[in-house]
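# Working through the structure, step by step
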Amino acid sequence: DKILVEDIPYGYLTKDSIVVENNSKNNSPKITIDSEGILYLAYGGETGYIYFKKSTDNGMTWSSRKEVWKLGYRNSSSNSIDISVTGSGATANVFITWGISGTANILGFNYSTDGGNTFVFNNDSNNCVIDDNTGGGEYVSINAVGKIQDNSAEIFISYKVYQTQDLYFMHGIYGNGSGTWS
């Protein structure tokens, strides 16, 4: 059901919220959209897993969830996640970054070059880990953008460390299963 919105010409709101995932442990959802109107959703789940879904019908239905990363470590609900997309449709480049706090504080990322159908790193790969800050602060307020060029992923990440409130920037290039960060 849709409700007409009088203040917005030709606008509408869905009458009821749509449940994307039934699980009280899901947290930190982030969503973006490409130029074709495809929605891309990244979120955290139980034990620090990072999940991905997409919708091609304005969010009325969603794909089955994909595990982007599943090497948990989290023992709190304080995930910070970001998702960005360049391009669109079947060839969209999807970049997902996350910070997970717990017994280890993890800054990680994974990316897709086929609209999120597959991700470059296995979901249990430590190749996803950019930084493993076991003795320091929690990564929060993560924001990332990326691009694919010459068969390599180039990603730009900004984040804040909660305990110090310091703001950081990282630049990374990944290709053929390995990467460098500056």
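Everything in this summary refers to the structure shown in the same document. None of these values were measured; they are calculated from a predicted model.

### Some details on the nonpolar core
With 35 residues, the main nonpolar core has I96 and W98 as its most contacted residues. In contact with W98, other than residues within four places in its own chain, are I50, V68, W69, S80, I81, I106, L107, G108, F109, N110, C128 and I142. Listed in part, the five residues of the second largest apolar core include L39, L41, Y51 and W62.

### Quick look at the side chain of N110
Take N110: it is sitting in strand β9 (residues 105-112). Classification of N110 as buried rests on a relative accessible area of 0%. A polar contact is formed between the side chain of N110 and the backbone oxygen of F121, at a distance of 3.1 Å. If we skip the residues at most four places from it in the chain, N110 touches V68, V94, F95, I96, W98, F119, V120, F121 and C128.

### Here we look at the packing of aromatic side chains
If you walk through the whole model with that rule in mind, you get eleven aromatic pairs. Both rings, one in Y43 and one in Y51, keep their centres 5.5 Å apart while their planes meet at 40°; by these two values the pair is tilted. One exposure class covers both Y43 and Y51, and it is buried. Where Y159 meets Y168, the ring centres are 5.2 Å apart and the plane angle is 15°; that geometry is what we call stacked. Residue classification places Y159 among the buried residues on the basis of a relative accessible area of 6%. Aromatic ring contacts, followed pair by pair, group F95, F109, Y111 and F121 into a single cluster.

Reading the values: rules and limits
- Residues numbered from 1 in each chain as written.
- Predicted model: local features only at pLDDT ≥ 70, side-chain atom pairs only at ≥ 80, totals over all residues.
- Heavy atoms only, no water.
- Core = buried A, V, L, I, M, F, W, Y, C linked by side-chain atoms within 4.5 Å.
- Buried < 20%, exposed > 50% of the residue type's maximum accessible area, 1.4 Å probe, protein only.
- Contact = heavy atoms within 4.5 Å.
- Helix = DSSP H or I, 4+ residues; strand = E, 2+ residues; numbered from the N terminus.
- Polar contact = N/O pair within 3.5 Å; in protein donor to acceptor, adjacent residues only side chain to side chain.
- Phe/Tyr/Trp six-rings, centres within 6.5 Å; stacked < 30°, edge-to-face > 60°.

Nothing here speaks to function; it is geometry throughout.
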